[in-house]
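Observations on chain architecture
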Amino acid sequence: MQIEFSVTRAADAAVVAIPVEKDGIDRVAFGDLDAGAQALALAAARASRFDGEPGAIVEAFVATGTGVRQLLLLGVGAGSEHDYERAGGALTAKLLTSGTTAVTADFAALAAAPSASAVARFAAAAVMRGWRIDTYRTRLPERQKPTLARITIAGAPEGSDAAWHAQDAVTKGLALTRTLVAEPPNIMYPVAFVERVTADLEGLGLEISVLGEAEMTELGMGSLLGVSQGSVREGQLLVIKWSGKGPGDPDLALVGKGVTFDTGGISLKPGPGMEDMKWDMGGAGAVVGAMKALALRGAKANVVGVCGLVENMPDGNAQRPGDIVTSMSGQTIEILNTDAEGRLVLCDAITWVQRTHRPKTIVDLATLTGAMIIALGNEHGGLFANDDSLADQLLAAGKASGDLLWRFPLSDNYNKLIDSPIADMKNVGPRGAGSITAAQFIQRFVDKGVRWAHLDIAGMVWADKPGATFDKGATGYGVRVLDRFVADNFEG
């Protein structure tokens, strides 16, 4: 999707979207439309009970001096950035496969101009809503193929180009995340993930390194490697470093769970729905997308992204319930359930990044527990943190970006639930508080004095129904909140 800006609406624009504020239909400036065309548009709005709600659309075809124009009255609500985001996504959803190739959104029609950041959010949502993956569809009917290729924004306020540059970086990072999450598991396994990401990020100024199983074995990463040992696909640790403010250790580490397919291992998942487990690397996907966004917009921050990449399979060499593994930290773990594997990957990745890069703040992301979906559904990601200021920063970034979070508790009483009678800990607790005990497990590997937050995004990386900025499928959740978190708290 191409976004263009123009000072005024072209006289020959065949498809025009006119933004309308809440209850503002009588204040719209229709520009060059004659009285008859305006009356027709207003009649269509009243017949549809259109009142400018964000994302609401009324369509009319009106006569002009050069022919017929498709006119869309597009609700932008109270004019907040989130309202404009909903409007941008709705415009693309309406026109994406309609046969229309280009549309002009005329912001000069509004009585009061929107902010540059609101216009950028509008454009970003329009681009994000148009993302889809048709790679493997060889018989897609013509009427289902995307046609919308260009959105021109007329009458945008000063500064819109610069605001769009930052938002465009996020949309490009988010598109990479969605692609990684959506690819089938026979295509997107650990080594392939590394290869795809390395190629995509080439030339952006990011420093990329990879540890294979031999290097991880030498480092004693028995927890991560225990998950990988049942698969013929070799595990990987992908490291992406961005030094936007100059040489030195990163201030922030982003750590992602990257289980490219999760059968549950010997603790095998039920067959129905197992195909969804290709998105169990959504945390790693979000880290990669966020790192791309930071590089594209030249973020003035030092950040390292670490992705623990494995495939959890049940062959004759697979990890068994009852096994004890030794993590890189030296702590031992009794494996009671091989389907509680994400925390085993994260703990070694967190230990590695602390010993190698010494970040002061760590945020990990993982599609970790089904219990989180039971608790929050598909509206919020779960947030756990050992520091109130860090939690507040992430909650604020979630609200601002649209990737919403909700905080959960941590305490020693929950911590006792994962004590093992034979090892330092067990990898699962009782049925209750499943998301909390998973977070308590990860916290045991965070060094003293390090600010740490865990985002359980199990209900957020995949959608069974369309949303404001995505269709069914991969959502790219996590990229926007991470980018905003960095922008608000790690850049001067």
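One structure accompanies this document, and this report is about it.

A word on the nonpolar core
Counting 55 residues, the largest nonpolar core has Phe193, Leu238, Leu254, Val288, Met291, Val363 and Leu394 as its most contacted members. Among the elements that line this core, the one with the most residues is helix 8 (residues 282-296), at 8 residues. Not counting chain neighbours up to four residues away, the residues in contact with Val363 comprise Leu252, Ala253, Leu254, Val255, Leu394, Ala453, Leu455, Leu482 and Phe485. In this structure, Leu225, Leu237, Ile335 and Ile362 belong to the second largest nonpolar core, which totals 38 residues.

Things to note about the sheet that holds strand 6 (residues 150-154)
Strand pairing in a sheet relies on backbone hydrogen bonds, with the paired strands running either antiparallel or parallel. With mixed pairing, the 6 strands of this open sheet are ordered in space as 1-6-5-2-4-3. Two strands bound the open sheet, and with one partner strand each, they are strand 1 (2-6) and strand 3 (57-64). Across this sheet, the average inter-strand angle for adjacent strands is 25 degrees, counted without regard to direction. As paired elements, strand 2 (residues 15-21) and strand 5 (residues 102-106) share 2 bridges and run parallel to each other. Each residue of the ladder has a partner; that of Val16, found in strand 5, is Thr104. Most of the contacts of helix 1 (residues 35-47) go to strand 3, to which it runs at about 160 degrees, and overall it touches strand 3 and strand 4 (67-77). Across the face of the sheet, helix 3 (residues 116-129) comes into contact with strand 1, strand 4, strand 5 and strand 6 while running at roughly 170 degrees to strand 6.

Here's the deal with the sheet that holds strand 7 (residues 207-211)
Judged by pairing direction, the sheet is mixed, and its 8 strands sit side by side in the order 7-8-10-9-13-17-14-15 without closing on themselves. Whereas interior strands pair on both sides, the edge strands pair on one side only; in this sheet they are strand 7 and strand 15 (405-407). If you compare each strand with its neighbour and ignore which way they point, the axes differ by 20 degrees on average. Pairing geometry for strand 9 (residues 252-262) and strand 10 (residues 302-312), over 10 bridges, is parallel. Across the sheet, residue Leu254 finds its bridge partner in strand 10, namely Gly305. In this fold helix 11 (residues 388-401) packs onto strand 13 (361-366), strand 14 (381-385), strand 15 and strand 17 (451-456), with an angle of close to 45 degrees to the strand it touches most, strand 17. Packed onto the sheet, helix 13 (residues 434-443) meets strand 13, strand 14 and strand 17 and runs at close to 145 degrees relative to strand 17.

Let's talk about the packing of helix 3 against helix 4 (residues 160-182)
It is at 8 Å that the axes of helix 3 and helix 4 come closest, and there the two elements cross at 30 degrees. The pairing of helix 3 with helix 4 is recorded here as roughly parallel in orientation. When the axes of helix 3 and helix 4 are compared, the crossing they make is right-handed. In this structure, helix 3 contributes Ala116, Ser117, Val119, Ala120, Arg121, Ala123, Ala124, Val127 and Met128 to the contact, and helix 4 contributes Ser160, Ala163, Trp164, Gln167, Thr171, Leu174 and Arg178. Residues that form the contact of helix 3 with helix 4 fall into these classes: 10 nonpolar, 4 polar and 2 charged.

About the thresholds
Residues numbered from 1 in each chain as written. Predicted model: local features only at pLDDT ≥ 70, side-chain atom pairs only at ≥ 80, totals over all residues. Heavy atoms only, no water. Core = buried A, V, L, I, M, F, W, Y, C linked by side-chain atoms within 4.5 Å. Buried < 20%, exposed > 50% of the residue type's maximum accessible area, 1.4 Å probe, protein only. Helix = DSSP H or I, 4+ residues; strand = E, 2+ residues; numbered from the N terminus. Contact = heavy atoms within 4.5 Å. Pairing = 2+ DSSP bridges. Axes fitted to C-alpha atoms, helices over the stretch in contact; angles between N-to-C directions. Parallel < 35°, antiparallel > 145°, perpendicular 65-115°, else oblique. Left-handed = near helix turned anticlockwise from the far one by under 90°. Nonpolar A, V, L, I, M, F, W, Y, C, P; charged D, E, K, R; others polar.

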